[in-house]
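Secondary and tertiary structure notes
Given next are the chains, with one letter for each unit.
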Amino acid sequence: MTERTERSEGRADMPSQHSMSGRPRVVVVGDVITDVLAVLSGPLATGSDTAAGIRFSGGGQAANTAAWLAGQGAAVTLVAAVGDDETGRERVAELTRIGVDCVVERHEGYPTGTVIVLAHDGERTMISQRGANLRLTAGHVDAALAAAPDAGHLHLSAYTLLDVGSRGAGLRALATAHERGLTVSVDAASAAPLRRVGGAFLTWVRDVDLLLVNTDEATVLAGGLDPAAQARALTAVAHRVVVKRGAAGAVWVERGGVVEFAPAPGVDVVDVTGAGDAFAAGLLTAWLAGAGPRAALGRAGDLGALAVTTVGARPAP
């Protein structure tokens, strides 16, 4: 098996996003995926047929967040791994077109990751082949961060930590960001793999600036408390915790005692795939620009609401 590193700069016809936004570059570390998205017409008929609208598109928590950040005018670098295959080239090319600076490892003999997403009635179920995402290396993360001297923030998809194959890369990203004085956010990713790794996850993310969890993830990490109490419990680990509650809105709790609630905009839900990634991008865009909790949650909710009104995990072209 061979590997090589490729840097694919954001669109050549665009001025520097850093100069456009005035905000520090965000380095996003994590997964690139091809989503096979099936929006079901009704409940899944196990063992039989269920009609659905099916599409292939770019996905992956880290790649989606990077795409939404770029759509908000942020300077963003995605650090990831793909297969040395046509699918990987397509995924990188589509991100590059919308302004994401992609620094990827290409791994011969490993496919670019694929997820089958079954979406119905405001929920989605994912069937995952992590593929080349499992091959992301600490050395690649080091090199990518060294090549981004204007970086001011690291956003880590916890899938990188939850998969043993890429865990070293995730831990290195957190350690290097701390050494360089970058602010750090972590999206907890998914309840089932969090349950498998247990309390080790909280050790890995100790003292990050911002931890994002949905209600299922918060329950795994903090027990069956109400969302504000869950967030407050998790501030023993992270300086700020945001619990995403879907249609019920979100709550922000800081270690110093600040608690802020925000409702979710009322919209007709088409597909929730990527909604949490859009929420994260909106939150980071506002917070890194100096917004307070209420304004940051408002921006996050608006972007999350935009995501659920369309099919797919990325901003509309």
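Note that residues are indexed from 1 along each chain, following the sequence as it is written. Confidence filtering applies because this is a predicted model: local features only for residues at pLDDT of at least 70, side-chain atom pairs given and counted only at 80 or more, and all residues used for totals across whole chains, interfaces and linings. Hydrogens and waters are ignored; side-chain quantities use all the structure's heavy atoms.

1. Here's the deal with the layout of surface pockets
Heads up, the rule is: The way it works is a 1 Å grid over only the protein atoms, where trapped points that fit a 1.4 Å probe form a cavity and open points with protein on both sides within 12 Å along at least five of seven lines form a pocket, and then any residue with an atom within 4 Å of a point lines it. Grid points are joined across faces, edges and corners, and a volume is the space filled by probe spheres set on the points. Starting at the N terminus, helices and strands are each numbered in turn, a helix being any DSSP run of H or I of at least four residues and a strand any DSSP run of E of at least two.
Considered as a void within the structure, the second largest pocket measures approximately 440 Å³ in volume. As for the second largest pocket, its lining consists of 20 residues, of which Ile 98, Arg 314, Pro 315, Ala 316 and Pro 317 are closest to the centre. Those elements that place two or more of their residues in the lining of the second largest pocket are β4 (52–59), α2 (61–71) and α3 (86–97). Take the lining of the second largest pocket: its biggest share by element is four residues, from β4.

2. So, the nonpolar core
Test applied: Among the buried residues, those of types Ala, Val, Leu, Ile, Met, Phe, Trp, Tyr and Cys that are joined through side-chain atoms within 4.5 Å form a nonpolar core. Accessibility here uses a 1.4 Å probe with only protein chains present; expressed as a share of the type maximum, an area under 20% marks a residue as buried, one over 50% as exposed, and anything in between as partly exposed. What makes two residues a contact is simply this: any of their non-hydrogen atoms within 4.5 Å.
Core analysis: the largest hydrophobic core is formed by 45 residues, its most contacted members being Val 29, Leu 154, Val 186, Phe 201, Leu 211 and Val 213. By residue number, the principal contributor to this core is helix α6 (residues 167–180), which donates four residues. Apart from residues no more than four positions distant in its own chain, Phe 201 is found in contact with Ala 158, Leu 161, Leu 162, Val 186, Ala 188, Leu 194, Leu 211 and Leu 221. If you look at the next biggest cluster of nonpolar residues, it comprises 42 residues, including Val 82, Val 100, Val 272 and Leu 283.

3. Observations concerning the UniProt feature "domain: Carbohydrate kinase PfkB" (unreviewed entry) in the chain
Selection criterion: UniProt positions are given in the numbering used here, feature names are shortened, and annotations may be inferred rather than shown by experiment.
According to UniProt, the "domain: Carbohydrate kinase PfkB" (unreviewed entry) feature falls on residues 25–314. Measuring from the first to the last C-alpha atom of residues 25–314 gives 20 Å, for a span that is 37% helix and 28% strand.

4. As for empty space enclosed by the protein
Definition in use: Under the grouping applied here, Gly and all other residues not named as nonpolar or charged are polar, the nonpolar ones being Ala, Val, Leu, Ile, Met, Phe, Trp, Tyr, Cys and Pro and the charged ones Asp, Glu, Lys and Arg.
If you walk through the whole model with that rule in mind, you get one cavity of 30 Å³ or more. Of the volumes computed, that of the largest cavity is approximately 40 Å³. Gly 30, Asp 31, Ala 81, Arg 130, Asn 133, Leu 136, Tyr 159, Thr 160 and Ser 166 together form the lining of the largest cavity. The class makeup of the residues in the lining of the largest cavity is three nonpolar, four polar and two charged.

5. Overview of the environment of Arg 245
By the element assignment, Arg 245 lies in the loop between β12 (240–244) and β13 (250–254). Using a relative accessible area of 31% as the deciding quantity, one classes Arg 245 as partly exposed. For the pair Arg 245 and Thr 215, spaced 30 residues apart in sequence, the C-alpha to C-alpha distance is 5.8 Å. Sequence-distant contacts of Arg 245, defined by excluding residues within four places in its chain, comprise Thr 215, Pro 227 and Ala 250.

6. Regarding the pattern of salt bridges
We count it as follows: Should a side-chain nitrogen of Lys or Arg be within 4 Å of a carboxyl oxygen of Asp or Glu, the pair is scored as a salt bridge.
For the structure on display, the rule yields 11 salt bridges. The closest approach of N and O atoms between Arg 91 and Glu 94, which form a salt bridge, is 2.7 Å. On the criterion of helical spacing, the pair formed by Arg 91 and Glu 94 is a turn pair, its members being three residues apart in helix α3. Here Arg 91 and Glu 94 have matching classes, each one buried. The shortest N-O distance in the salt bridge between Arg 130 and Asp 163 comes to 2.7 Å. Of the two residues, Arg 130 is situated in the loop between β8 (123–129) and α4 (138–146) and Asp 163 in the loop between α5 (159–162) and α6; the sequence distance between them amounts to 33 residues. The buried category is assigned to Arg 130, whose relative accessible area is 14%. For Asp 163, a relative accessible area of 16% translates into the label buried. Linked through salt bridges whose partners overlap, the residues forming this network are Asp 31, Arg 130 and Asp 163.

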